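Given next are the chains, with one letter for each unit.
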Amino acid sequence: MRSFIEHWIPAETIGAESLRDASAAKKPPNSRLHVWWARRPLTASRAAVVASLLPAWPTAEEANDPVARRALESLSAEFPEGEEQYRAWFVKSMGIMGDPVAGRRRIAEARITGEKLADGGYGYKRAFTVTPDRQTVARIHRLASLRTEIDGVPTVLDPFAGGGSIPFEAARYGCEAVAGELNPVAAAILHGTVRLPAELGEDFSKKIGVWGDLWASRVGKRLKPFFPKQDQEASIAGYIWAHTVPCPTTGRPTPLAPDFWLARDDKRKVAVRLDVNRANGQVTPVVVQGDDAKTYGARSTYKRGTGISIWTHESFDGAYIRAQAKAGNLDEMMLAVSVTRLVARGRQFREPSQADLDAVEAASKELAVRLPGWEVADLVPNDPILPGAKTREPRNMGLDMWRKMFTDRQLLSACTALEELHRIVAEARAELSETEVRALSLYLAFALDKAVDYNSRLSSWHASRGVVRNTFDRHDFAFKWSFAEFDGAAALLQWTLSQVQDSYRGIARLARSAGGDSPPSPVVLRSKAQSLPLPDSSIDAVITDPPYYDNVMYGECSDFFLVWLRRALRETWPELCDLPVSDKQAEAVANASLYSELATHSGRGKRVPGSKTASELADEQYERLLIECFREAHRVLKGDGTMTVMFTHKRVDAWDTLGSALLESGFAILSSWPVHTESEHSLHQAKKNAAQSTILLTCRKRESTAPAYWADIKDEVAAVARTNADRFSKMGIRGVDLSIATYGPSLSVLSRNWPVYTGELDVQGETEVLRPDVALNLARAEVAKLKKADLLGGRDVQFDRLTDFWLLAWSDFEAAEFPSGEALKLCIATNLELEEVSKQAGLVQAKSGTVMLLSPAQRRSMRTLDPDDNEWPSAIDQLHALMLVFDEEGVAASQAWLRRTGLGEDDRLRSLLQAALSAVPRTQVKGEF
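For clarity, every value in this text was computed on a predicted model and none was experimentally measured. (Residues numbered from 1 in each chain as written. Predicted model: local features only at pLDDT ≥ 70, side-chain atom pairs only at ≥ 80, totals over all residues. Heavy atoms only, no water.)

Looking at this structure, how should I read the overall build of the chain?
A count of helical and extended segments in the chain gives 32 helices and 26 strands. Taking 929 residues into account, the globule formula puts the C-alpha radius of gyration at 30 Å, and the chain, at 30 Å, falls close to it. Its C-alpha atoms put the chain at 80 × 80 × 65 Å along the principal axes. When each of the 929 residues of the chain is scored for burial, the buried share is 58%. Here the contacts in the chain between residues at least 6 apart in sequence split such that 74% fall between residues at least 24 apart. Accessible area for the chain stands at about 38300 Å²; split by element, carbon and sulfur atoms hold 49% of it. For the chain, the distance from the average site of its 115 positive side-chain charges to the average site of its 123 negative ones is 5 Å. (Helix = DSSP H or I, 4+ residues; strand = E, 2+ residues; numbered from the N terminus. Rg over C-alpha atoms; globule rule 2.2 N^0.38 Å. Buried < 20%, exposed > 50% of the residue type's maximum accessible area, 1.4 Å probe, protein only. Contact = heavy atoms within 4.5 Å. Areas by Shrake-Rupley, 256 points an atom, 1.4 Å probe, with all protein chains shown as cover. Lys, Arg positive; Asp, Glu negative; His and termini not counted. Charge placed at Lys NZ, Arg CZ, Asp CG, Glu CD.)

Any chance you could explain the pairing of strand β6 (residues 269–277) here in plain terms?
The two faces of the sheet receive side chains in turn, since in a regular strand these alternate between them. Of the pairings in the sheet, the one linking strand β5 (residues 261–264) to β6 comprises three bridges and is antiparallel in character. Its bridge partner lying in β6, Ala263 is registered against Val270. Between β5 and the antiparallel strand that follows it, β6, lie four residues. Alignment of β6 against strand β7 (residues 282–289), held across eight bridges, turns out to be antiparallel. Within β7, the position partnered with Leu274 by the bridge is Pro285. Between β6 and β7, which pair antiparallel in sequence order, lie four residues; one of them, Gly281, sits at a positive phi of approximately 75 degrees. (Pairing = 2+ DSSP bridges.)

I'm lost on the confidence of the model for the chain in this one. Help?
Should pLDDT be low for a region, the predicted coordinates there are not to be read in detail. Residues at a pLDDT of 70 or more form 95% of the chain, whose mean pLDDT is 90. In this model, residues 679–691 is a region of pLDDT below 50 whose contacts with residues beyond four sequence positions or in other chains number 30 contacts. Segment residues 923–929 is flagged for pLDDT under 50; beyond a separation of four residues in sequence, or across chains, it makes 18 contacts in the model. (pLDDT = per-residue confidence, 0-100.)

Before we go on, may I ask you to explain the sheet that holds strand β22 (residues 756–761) in this structure?
Hydrogen bonds between backbone atoms are what pair the strands of a sheet, whose relative direction is either parallel or antiparallel. Judged by pairing direction, the sheet is mixed, and its three strands sit side by side in the order β21-β22-β23 without closing on themselves. The open sheet is flanked by β21 (708–709) and β23 (767–769), the only strands paired with a single partner. Bridge count between β21 and β22: two bridges; the pairing is parallel. Paired with Ala708 across the strands is Val756, a residue of β22.

Help me understand the packing of aromatic side chains, please; the structure alone is not making it clear to me.
Within a pair of aromatic rings, the relevant descriptors are the distance that separates the centres and the angle that separates the planes. Across all of its chains, the model carries 36 aromatic pairs by this definition. Judged by centre distance (5.9 Å) and plane angle (65 degrees), the rings of Phe204 and Tyr504 are edge-to-face. One end of the pair, Phe204, is in helix α11 (residues 204–223); the other, Tyr504, is in helix α18 (residues 492–511), with 300 residues separating them in the sequence. Phe204 gets classed as buried once you look at its relative accessible area, which sits at 3%. With a centroid separation of 6.1 Å and 90 degrees between ring planes, the pair formed by Phe349 and Trp461 is classed as edge-to-face. Here Phe349, found in strand β12 (residues 348–350), pairs with Trp461, found in strand β13 (residues 460–462); they are 112 residues apart in sequence, far enough to count as distant. Trp461 sits in the buried class, given a relative accessible area of 9%. Linked through ring pairs, Trp36, Trp37, Trp402, Phe406, Phe472, Phe477, Tyr554, Phe560, Phe561 and Trp564 together constitute an aromatic cluster. (Phe/Tyr/Trp six-rings, centres within 6.5 Å; stacked < 30°, edge-to-face > 60°.)

Before we go on, may I ask you to explain the state of the cysteines in this structure?
What we call a disulfide is simply a covalent bond connecting the sulfur atoms of a pair of cysteines. Using the criterion set out here, one finds zero disulfides in the structure. Between Cys577, a free cysteine, and Cys415, which holds the nearest cysteine sulfur, the sulfur-to-sulfur gap is 16 Å. (Disulfide = S-S within 2.5 Å.)

What is the right way to read unusual backbone geometry from this model?
Note: most peptide bonds trans; most residues except glycine with negative phi. The step from Trp754 to Pro755 runs through a cis peptide bond, and the omega angle for that step is 0 degrees. Inspection of the secondary structure puts Pro755 in the loop between α24 (743–752) and β22. For Asp378, which is not glycine, the phi torsion reads 55 degrees and is therefore positive. With respect to the element layout, Asp378 can be found in the loop between α14 (354–376) and α15 (392–396).

Can you walk me through the layout of surface pockets in this structure?
Here the second largest pocket defines a volume of roughly 530 Å³. Considering the residues around the second largest pocket, the lining is formed by 22 residues, among which Val283, Glu332, Met333, Met334 and Leu357 are closest to the centre. Here the lining of the second largest pocket gets five residues from one element, more than from any other, and that element is α14. Residue composition of the lining of the second largest pocket, by class: ten nonpolar, six polar and six charged. (1 Å grid on protein atoms, 1.4 Å probe; cavity = no way out; pocket = protein on both sides within 12 Å on 5 of 7 lines; lining within 4 Å. Points joined across faces, edges and corners; volume = space filled by probe spheres on them. Nonpolar A, V, L, I, M, F, W, Y, C, P; charged D, E, K, R; others polar.)

Help me out: how do you make sense of empty space enclosed by the protein in this one?
A probe as big as a water molecule, rolled over the atoms, marks out the empty space that is left. Counted under the stated rule, the structure contains six cavities of 30 Å³ or more. In this structure, the largest cavity spans a volume of roughly 370 Å³. Phe160, Gly162, Glu181, Pro547 and Tyr554 are, among the 32 residues lining the largest cavity, the residues nearest its centre. Secondary-structure elements contributing two or more residues to the lining of the largest cavity are α9 (165–172) and α19 (554–569). For the lining of the largest cavity, a count of residues per class yields 15 nonpolar, nine polar and eight charged.

I keep staring at the environment of Glu434 and nothing clicks. Help me out?
Residue position: Glu434 is located in helix α17 (residues 434–453). Along the sequence, Glu434 and Thr572 sit 138 residues apart, while their C-alpha atoms lie 9.0 Å from each other. Here Arg429 takes part through its side chain, which lies 3.0 Å from a polar atom of the side chain of Glu434. (Polar contact = N/O pair within 3.5 Å; in protein donor to acceptor, adjacent residues only side chain to side chain.)

For this particular structure, what's the right way to read a negative patch on the surface?
A cluster of like negative charges, contributed by Asp866, Asp868, Asp869, Glu871 and Glu889, occupies part of the molecular surface. Topologically, Glu889 is positioned in helix α30 (residues 875–889). (Patch = residues over 30% accessible without salt bridge, like charges linked within 9 Å, V, L, I, M, F, W, Y side chains within 5 Å. Salt bridge = Lys/Arg side-chain N within 4 Å of Asp/Glu carboxyl O.)

I'm lost on the pattern of salt bridges in this one. Help?
Inspection of the entire model under this criterion finds 59 salt bridges. In this structure, Arg566 engages Asp383 in a salt bridge whose closest nitrogen and oxygen atoms are separated by 2.6 Å. Residue Arg566 is located in helix α19, and its partner Asp383 is located in the loop between α14 and α15; the two are separated by 183 residues in the primary sequence. Here Arg566 falls in the buried class, since its relative accessible area comes to 14%. On the basis of relative accessibility, which here comes to 13%, the residue Asp383 falls in the buried class. We note a salt bridge from Glu485 to Arg409, for which the minimum N-O separation is 2.9 Å. Of this pair, Glu485 sits in strand β15 (residues 482–485) while Arg409 sits in helix α16 (residues 408–428), and the two are 76 residues apart along the sequence. Judged on exposure class, the residue Glu485 and its partner Arg409 are both buried.

Below, the structure is given as structure tokens:
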């Protein structure tokens, strides 16, 4: 019988609550323990787990089946008021004790009115903080056994466990959780998140504190001479630096900084002014405030790849900067020091003193003395930074070894901490058990990882908040022209340890049941998802969040931490230290950099038949690996088990690959639910037209099906897409997410008829199997019809294809610029060629992988629009011509234009104007509508 998630899930409620998980104010403790680049919200994770295990309320037709009939009898006994009571209980079992949708609405209204909300707007604590009690867990297990072979405790597998949200929540609900992970850094995080806190309990945080404080004090004592303070300075919040390269003319160091702000908020403005003495070659940074700060803070010596010399004011390009950096001429200049003084509250700023500069020089000398011994002991990450998609940027700046990610003083701080970590762990063996020693070393290593994350050349100063921002403020190694440094003696480890200790304490508190019991200890498997060390048919449910195509290069990013973890944990966790770098060949991501030497086509110019680009080879490998992983999930899943895949991606080709992998691995796709999980304020989401929903695709092992032809099921796919688009639209799903929400139901039609043939022959002369994107494009076309009707208040008005393209582009992306791949898919949905839209109609301009909708003024300058014409090929041309006349000549001229053209009473133009007002964001500048 069906699982709960196949029939219903409170998607809007779970989505609204999941956004609370992502609150920047206080993220869940598991998210704060260690950087990982793709964590699902705990609320969405627990919902996916529990809803995949529970039975759906049987329908009258299903009750004819003996299993469903028995389930209905049991459910009716548990919930005498019927299915609505069952659903309400499910919501409460998630820890959702109120209405988060109404809460978010109330908060939005309060922002407009300025109302202060005493209860935070929600009126109840966040759902993930609620640990289910024994009765709730027992009921879930009891009900789960009604539809499956579960005997006692359900077993839940996540083969792509990553940061561990899914196995963590599975364990909190009393399941036997199995967390599989290829990457050693992620495996370490899993041990520290899903296993050790549940085993050792909250009190172990005290031991982390005792030994950690001893560690930090020893490191601080050794580093104190290299971080001097002035009188009245309570602490140093950060040193603000700029990278420098030699001036092309004078050879003198010139700082490269996009701005010189130190503090920039509503209350005050503080910046750095550079006083340049061209006679003696001296540069003196001066801290300025108020109006002077406004003048100097916005000044730039580096912008859009071009540097400006402070000595000659000449500009020099990125090629010169990169050449100097690779030649070893990348240096740094201290601009300011942020301090907290005993006599004043809040962050203060001062110019670098001679003592500061002398200390930096002394640190370099000390590092030179220490390096030979540290290198013999293998404490220095001299490992090369290998070429890759994300490592290209630091390598272009001469950072070709991991140690070069740090200045001399930063490297001295990190290696001193690592050396003392080994000594502390050795001493702890005399007082702690072996399990506790291993745990202590792991959490101290996490504190060291956090220290290098916040204290590298790629960390930066956050002028609005007055804090140091970490290396991975994004999912890459974005080079920081100006950067920030922690006080390595008195602040760095003290802060990172407090963060780790607080995170551990919070995780341990959540991991224990409401009755104080420890849940079953999760199993952490360091293994490939395509070869799990598990018996056949041993798993009740697979809940997973697979890598998203080319979104994140986990291996490349995690090597930043692995080179330190390997050196910190080699004696206590040798099983995590067996690889010098992560295994990128077995990693299920589309990493084109791995295939640059194998590619037979560059992506430009005429293509030889059979040739392939690096991206195409990477896509094929990603799909192969994903199929292997899902086949392995199919093998270990019980016959009546469910697999729920959490997926967030707006590109249709990513969905095409996912759908193909699921179908080829033997699964039927039975349900699809969009859950809004991505914060609009995330640096990885904001202003990027990104999908904001996670789609929960629930699958079962596919029973034998008869092959079908696309022509036979095409109408069914279209009808399913229309029905679900209407359903999800009523749930409040909009834009790109509405199209994505129909992908699951559309794929479900294919899975019921797989394999589906196109009716044509492939290059080998065999019957060609349909790619899922054919069904997804049809689904998108059906959604396009619905969206257009919505923009017109439900009316069915027929425009031309170009006008449909323009309207739907604004409706979907809410921005003038969006990826060219998405433009191609929208062309398919509107039966156009991109060349028609760009070169012939001049409606868009393609550039560097993106497409930009052109304004009426831009179109006229390109001579694809003239308001003085008498005829226009499309309705959007008519509207753009009218907009130009109104913008440049006013209302009277517009009325005259309407009379001259005879469009004043044109209902179609009036409808288009109405639809445009609904589709185009009001934040667009004048002239873009």
